[in-house]
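Residue strings, one per chain:
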Amino acid sequence: MIRRLLRGVGLATRGEVHAAEAKLRDGRARLEKATARLAEASAAAQRAQETRREDARRFKARVTELESDRQRHADRHQDAAARASRQIAQLTEELRQRDRQLEASLRQETELEQQVASAKQDLETARESLSAIEVKLDILEGAANVLDVRTRGLRPSRSDDGPG
Amino acid sequence: MGQDSAPRPYLSIVLTGRNDGYGGDFVKRFLASLQFNHRELSGRGVSHEFVLVEWAPVAGAPLLADLVEARCPPPVSAALRTVVVDAAYHEAMTLNPLLRFHEYLAKNVGVRRARGEYILVSNCDVILGRHILAQLERRSLEPQVVYRAPRRDLVAALDIEHLHWEALEDQANLARPGKQLRPPYFRGSTGDFIALDQMSFHRLRAFNEIYRLARVGVDANLLVLALSSGLTIVDIGGPVYHIDHEGSFQTLKAKYVAGESDAQHGHERWNFNSVVYRNRPQWGLSDAPEEPRGPRRTYLQFSWDAVPPLVDLSGVVLPARREDGSSSTSADA
């Protein structure tokens, strides 16, 4: 009854006040905890954001670096390709030149072979002619010997030489 | 020459010799092979004549022709014609005073006068083998083909007067291993067997009469000429037989090996493989005056008109090369 009366005038009992104070303390404590957790969460979020920003920076830097590498490689490859093209052109030209030289050598070789064949033919002809000349010389030598014998046979004997 | 009206035989066998005791008892060996060959040819129905050219008979000695005819049975004598060549031809024609017998000039005399469809140039002591006789019996020789036959030398101890096939064909009687003839020339004892149709023999103008310094190589020289003139040379397929004797080329070759210039066969190493010849149209002493001395004998009297020039260098000819690398006679050397 007293409590009801006090409530009616807007007062509360000590117990109620104590209970209310306790609830208030709990509330404050929860609030402080929540505030602390919020602060922690904010800090964590801040840190996470910082981390993401840092990651983004690193990523960007890495991308930039890779892009640079790629460009460098591309440039290098382009240079190499250009050099290779120049070398190919040069080699192609050298090859053509060698082909021309080879053709010239082959022509020269063919000419030399023809000259050798012709020389062999000449040699064979010369040998044959020499054989024929040897035969002719044999005949002439034989004839000379025979005529020599005949001439000696015709020589007058000493008694035919005349007086004295 | 006599017997011109007689039927033309299928085969003339041209032989040369004289009574100079060549190789011991030459007449005995000649008679033995003559009778054997005649018997075998007649037995096979091969019409034939033997043309014996007695070249430069030895002065003061009986003629070989007389000795042979005196000892020959009549059927053999009937098939034998002899041409005796005045010894002055040898003296007038030779270019080698050491050469006592110009075998191939003598053979040309026989070839020129042989009447057979085919002419076999051989030697007096050569015996025809069975395979050759069979070919002749079949008349299977072809024109423009030079037939060659390898020679089998038989031991001197063989009884030549009683020849029979068993003795000839007995390997134990071989004096030395027989040589195989090899293309293109089929050379080897060539003078013992060269058979060719008469027309081709005349077209070639027979053996070399330009190079009159040797006996050796003249036969092979004909083969070079024949091949280069487009004729074919073949081995007839069977051998001839020859009985060893003193003075054969085989034995003389060893004797004169140290001094070739003294060899009675003349130069051995002249260029008979690479140089050929073109005889005069009067080859074989065709212009020599012929004096008949009996029904089957002719004597060639000496006449300077019949003697070829001592030197005829235009007759020394090179075989012209053909596309295939072989050769044919053409240009003057």
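Residues numbered from 1 in each chain as written. Chains lettered and ligands numbered in written order. Predicted model: local features only at pLDDT ≥ 70, side-chain atom pairs only at ≥ 80, totals over all residues. Heavy atoms only, no water.

Asks: Describe in detail the overall build of chain B, supporting the description with residues and values.
Replies: The secondary structure content of chain B amounts to 10 helices and 15 strands. Of the contacts formed within chain B by residues at least 6 apart in sequence, a portion of 81% connects residues at least 24 apart. Accessible surface, chain B: about 13300 Å² in total, of which carbon and sulfur atoms supply 50%. (Helix = DSSP H or I, 4+ residues; strand = E, 2+ residues; numbered from the N terminus. Contact = heavy atoms within 4.5 Å. Areas by Shrake-Rupley, 256 points an atom, 1.4 Å probe, with all protein chains shown as cover.)

Asks: Give a detailed account of the pairing of strand β1 (residues 11–17) of chain B, specifying residues and quantitative values.
Replies: All names here are of chain B. The buried fraction of β1 amounts to seven of the seven residues, a majority that puts the element mostly inside the structure. Here β1 shows two buried faces, one formed by L11, I13, L15 and G17 and the other by S12, V14 and T16. With seven bridges connecting them, β1 and strand β2 (residues 48–55) associate as parallel partners. Considered in β2, the bridge of L11 is made with H48. Note that β1 and strand β4 (residues 118–121) share four bridges and pair parallel. Across the sheet, the residue bridging to S12 is I119, located in β4. (Buried < 20%, exposed > 50% of the residue type's maximum accessible area, 1.4 Å probe, protein only. Pairing = 2+ DSSP bridges.)

Asks: Which residues make up the confidence of the model for chain B, and what values go with them?
Replies: Residue and element names in this part refer to chain B. A residue-level look at chain B finds 86% of positions with pLDDT of 70 or above and a mean pLDDT of 88. Across residues 255–262, confidence stays below pLDDT 50; counting only partners more than four residues off in sequence or on other chains, it has nine contacts. Low pLDDT, under 50, characterises residues 328–333; the stretch is placed with 26 contacts to residues that sit more than four places away or in other chains. Confidence metrics for the complex model read pTM 0.76 and ipTM 0.85. (pLDDT = per-residue confidence, 0-100.)

Asks: Could you give an account of the pairing of strand β3 (residues 80–85) of chain B, with specific residues and numbers?
Replies: All names here are of chain B. Most of β3 is tucked away, with six of its six residues classed as buried. In β3, alternate side chains face the same way, and those of L80, T82 and V84 on one face and R81, V83 and V85 on the other are all buried. In this sheet, β3 lies alongside β2 in parallel orientation, the contact comprising six bridges. By the bridge assignment, E54 is partnered in β3 with V84. Pairing analysis gives four bridges linking β3 to strand β13 (residues 297–300), with the strands arranged parallel. Bridging across to β13, T82 finds its partner in R297.

Asks: An account of the nonpolar core is requested, with residue identities and associated values reported.
Replies: All names here are of chain B. Formed by 63 residues in total, the largest nonpolar core has its most connected members in W55, V85, Y89, F201 and L285. Considering each element in turn, this core owes the most residues, seven residues, to helix α9 (residues 218–228). Setting aside its immediate chain neighbours within four residues, V85 contacts V53, E54, W55, A56, P57, V109, L285 and L300. Core analysis: the second largest hydrophobic core is formed by 47 residues, F36, V46, Y118 and L168 among them. (Core = buried A, V, L, I, M, F, W, Y, C linked by side-chain atoms within 4.5 Å.)

Asks: So what's going on with empty space enclosed by the protein? Residues and values would help.
Replies: Residue and element names in this part refer to chain B. All told, the structure shown has four cavities of 30 Å³ or more when counted by the stated rule. Taken as a whole, the largest cavity spans an internal volume of roughly 70 Å³. What lines the largest cavity is a set of 13 residues, among which I13, L15, N37, N123 and V126 lie closest to the centre. Every element with two or more residues in the lining of the largest cavity is listed here: β1, α1 (26–43) and β5 (126–128). Broken down by element, the lining of the largest cavity gets its largest block of residues, four residues, from α1. Looking at side-chain class alone, the lining of the largest cavity contains nine nonpolar, four polar and no charged residues. Within this model, the second largest cavity holds a volume of roughly 60 Å³. Every residue along the wall of the second largest cavity is listed here: H102, E103, Y104, L105, N208, Y211, R212, A214, R215 and V218. (1 Å grid on protein atoms, 1.4 Å probe; cavity = no way out; pocket = protein on both sides within 12 Å on 5 of 7 lines; lining within 4 Å. Points joined across faces, edges and corners; volume = space filled by probe spheres on them. Nonpolar A, V, L, I, M, F, W, Y, C, P; charged D, E, K, R; others polar.)

Asks: Can you tell me about the environment of E16 of chain A, naming the residues and giving the values?
Replies: Residue and element names in this part refer to chain A. Looking at where E16 falls in the secondary structure, it is placed in helix α2 (residues 14–154). Spatially, the C-alpha atoms of E16 and T92 are 107 Å apart, while their sequence positions differ by 76 residues. Among all residues touching E16, those that are not within four sequence positions of it are R3 and R7. Separated by 3.0 Å, the side chains of E16 and R7 make a polar contact. (Polar contact = N/O pair within 3.5 Å; in protein donor to acceptor, adjacent residues only side chain to side chain.)

Asks: So, the interface of chain A and chain B: which residues are in play, and what are the values?
Replies: Each partner contributes residues to the interface: chain A has 19 residues there, and chain B has 23 residues. Regarding the contact of chain A and chain B, the summed buried area is about 1700 Å², with carbon and sulfur atoms giving 67% of it. On inspection of chain A and its partner chain B, the count reaches zero salt bridges. The residue inventory of the side of chain A that touches chain B, partitioned by class, reads eight nonpolar, five polar and six charged. (Buried area = accessible area lost by both parts, 1.4 Å probe. Salt bridge = Lys/Arg side-chain N within 4 Å of Asp/Glu carboxyl O.)

Asks: Talk me through the sheet that holds strand β10 (residues 240–243) of chain B; I want residue IDs and the actual numbers.
Replies: Residue and element names in this part refer to chain B. Reading across the sheet, the three strands line up as β5-β10-β7 and stay open at both edges, with mixed pairing between neighbours. Looking at strand neighbours, the two that pair on one side only are β5 and β7 (151–154), the edges of this open sheet. Averaged over all pairs of adjacent strands, the angle between their axes in this sheet comes to 30 degrees, without regard to strand direction. Examined bridge by bridge, β5 and β10 share three bridges and lie antiparallel to one another. For I127, the partnering residue across the bridge sits in β10 and is Y241. (Axes fitted to C-alpha atoms, helices over the stretch in contact; angles between N-to-C directions.)

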